[in-house]
Amino acid sequence: MPGISARGLSHEGRKQLAVNLTRVLALYRSILDAYIIEFFTDNLWDTIPCSWQEALDGLKPPQLATMLYGLEGPCAGELKALMWPLTLLALKSTACALAFTRMPGFQTPSEFLENPSQSSRLTAPFRKHVRPKKQHEIRRLGELVKKLSDFTGCTQVVDVGSGQGHLSRFMALGLGLMVKSIEGDQRLVERAQRLDQELLQALEKEEKRNPQVVQTSPRHSPHHVVRWVDPTALCEELLLPLENPCQGRARLLLTGLHACGDLSVALLRHFCCPEVVALASVGCCYMKLSDPGGYPLSQWVAGLPGYELPYRLREGACHALEEYAERLQKAGPGLRTHCYRAALETVIRRARPELRRPGVQGIPRVHELKIEEYVQRGLQRVGLDPQLPLNLAALQAHLAQENRVVAFFSLALLLAPLVETLILLDRLLYLQEQGFHAELLPIFSPELSPRNLVLVATKMPLGQALSVLETEDS
């Protein structure tokens, strides 16, 4: 998907972008506020302009992918010949023009061409227990952290919210960095320590098999710490060095791979400490941000009319647009899930009007079920009688509107990157208001990892270092 590069914007340009985003989000708020499971109960189709309804009604999923997301397909020619409402074309153009691009600046063959489960850029010991998505992420972020560490002269990396320690292990045992890992879950830390030992043994065996590979420096496993990081207060443990630096104070680099909710905010606040010289943070789970406290952070965004981003908007910003666009192109039966769930909501409301949007645990292989079978299983999962009498004619009428449900959800997802852009832009502006240098770089393949924008910050001008940080090593 096209978009705007954060690197090409001055401080004033970023402030103006925030103004434009709040205005656009206010204009399309009714779409963003809507829950797709209430498509029928709240008659969402009639909330969009009649001209949009006429243009979208009857479009098949591949046509939606072409029309809204600009993906090429066999139907591109016939769609170009149609006259679309100018307001709908304006929505598409605006969504593309104001969202930060998620396409990396480098082009390289996929590291999974030979084997979809194993990155060709990681050696076998570092791939064990790690899924392809995470292999790609730890390699890319780890290599960027190494470059940033060299640029800033940091003495220690602190991996916050380290989970099972996959990123920490790669940075410490693969890239030779001194790493402290901080994780609040004792079980995850114990698992990480076991995996550390397993990896060390695997690396030793590999050296024995390949004596020509000589380890030139001693290996240091990550130092794991069990500690919850409070986003509202400084964490002394996070700032403590593992060992006393030879000269002067410690120089810390903070990083977090999909640091959830307020954890990303905590990284930003700790960056103000004198011990911290650099930051490389990839955020996630925006709906878990404290309100207030987690957003907005910058004085500029907090002063804009319509800056508020309630839970529904932040939750929508976490959806994977590229993955959904691919699903539209393939037009698989899995697309009907939203229609089924919306139909189920009508039955729930009739049975218990006060029960709104209850969570329905995953129902396996939804696309293979008849709609009445899905509804019966759904009723059971929310604590209602699965044998309730069903109006099969009404359910079939809902199912006949499947393409409308898909079209409405596609509109909402088209706007979702604007919400993410405003959240990340607010973080950039916050750091700049403190006098720091900050940029956003697309670091992962968006098809593998939709939350792929890394916030890089230093206390010295980044300058030409940015081109080095973005480059994919051969």
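See the structure above.
Cut-offs used in this document
- Residues numbered from 1 in each chain as written.
- Predicted model: local features only at pLDDT ≥ 70, side-chain atom pairs only at ≥ 80, totals over all residues.
- Heavy atoms only, no water.
- Helix = DSSP H or I, 4+ residues; strand = E, 2+ residues; numbered from the N terminus.
- Expected span 1.5 Å × (residues − 1).
- Buried < 20%, exposed > 50% of the residue type's maximum accessible area, 1.4 Å probe, protein only.
- Contact = heavy atoms within 4.5 Å.
- Pairing = 2+ DSSP bridges.
- Axes fitted to C-alpha atoms, helices over the stretch in contact; angles between N-to-C directions.
- Parallel < 35°, antiparallel > 145°, perpendicular 65-115°, else oblique.
- Left-handed = near helix turned anticlockwise from the far one by under 90°.
- Nonpolar A, V, L, I, M, F, W, Y, C, P; charged D, E, K, R; others polar.

Chemist: Can you help me understand helix α16 (residues 337–351) in this one?
Modeler: An α-helix turns once per 3.6 residues; consequently, residues spaced three or four apart project the same way. Between the first and last C-alpha of α16 there are 21 Å, a value that for 15 residues agrees with the 21 Å anticipated at 1.5 Å per step. Of all 15 residues in α16, eleven are buried; the element is thus mostly enclosed. For α16, the set of buried residues is C339, Y340, R341, A342, A343, L344, E345, T346, V347, I348 and R349. Those residues of α16 that are buried are in contact with α17 (371–381), α18 (392–399) and α19 (402–433).

Chemist: Help me understand unusual backbone geometry in this model?
Modeler: Leaving glycine out, the prevailing phi sign among residues is negative, and the prevailing peptide bond configuration is trans. Note the cis peptide between D291 and P292, where omega equals 0°. Inspection of the secondary structure assignment puts P292 in the loop between β5 (276–284) and α13 (299–302). The amide bond that connects Y295 to the next residue, P296, takes the cis arrangement and shows omega of -5°. In this fold, P296 is placed in the loop between β5 and α13.

Chemist: Please explain the sheet that holds strand β1 (residues 156–160) as it appears in this structure.
Modeler: The pairing of strands in a sheet comes from backbone hydrogen bonds and takes either a parallel or an antiparallel form. Spatial ordering of the open sheet is given by β3-β2-β1-β4-β5-β7-β6, a layout of seven strands whose pairing is mixed. With one partner strand each, in any of the chains shown, β3 (223–226) and β6 (437–442) form the two edges of the open sheet. Recorded for the sheet is a direction-independent mean angle of 15° between the axes of neighbouring strands. Relative to strand β4 (residues 252–260), β1 runs parallel, the two being bridged by four bridges. Bridge pairing in β4 links Q156 to L252.

Chemist: Can you walk me through helix α9 (residues 166–174) in this structure?
Modeler: Across the nine residues that make up α9, a large majority, eight, are buried. Here α9 has its buried residues at H166, L167, S168, R169, F170, M171, A172 and L173. The elements touched by buried residues of α9 are α7 (124–127), α8 (132–152), β1, β2 (179–183), α10 (186–209) and β4. Two residues or fewer after α9 comes G176, characterised by a positive phi angle close to 75°.

Chemist: What is the right way to look at the packing of α17 against α18 in this model?
Modeler: When two helices pack together, their arrangement is captured by the angle between the axes and the distance separating the axes. Look at α17 against α18: their axes get within 10 Å of each other, and the N-to-C directions meet at 105°. With respect to α18, the axis of α17 lies roughly perpendicular. Only L392, L395, Q396 and L399 of α18 make contact with α17, whose side of the interface consists of I371, E372 and V375.

Chemist: Help me understand the packing of α16 against α18, please; the structure alone is not making it clear to me.
Modeler: Here α16 crosses α18 at 145°, and the two axes come no closer than 9 Å. As for how α16 packs across α18, the hand of that crossing is right-handed. Residues C339, Y340, A343, T346 and V347 of α16 touch α18, and the partners they reach there are L395, H398 and L399. Split into classes, the residues belonging to the contact of α16 with α18 amount to six nonpolar, two polar and no charged.

Chemist: Before we go on, may I ask you to explain the environment of S149 in this structure?
Modeler: Mapped onto the fold, S149 is located in helix α8. Along the chain, S149 and L253 lie 104 residues apart, while their C-alpha atoms are 7.0 Å from each other. What S149 contacts, discounting residues up to four positions off in sequence, is C154, L177 and L253.

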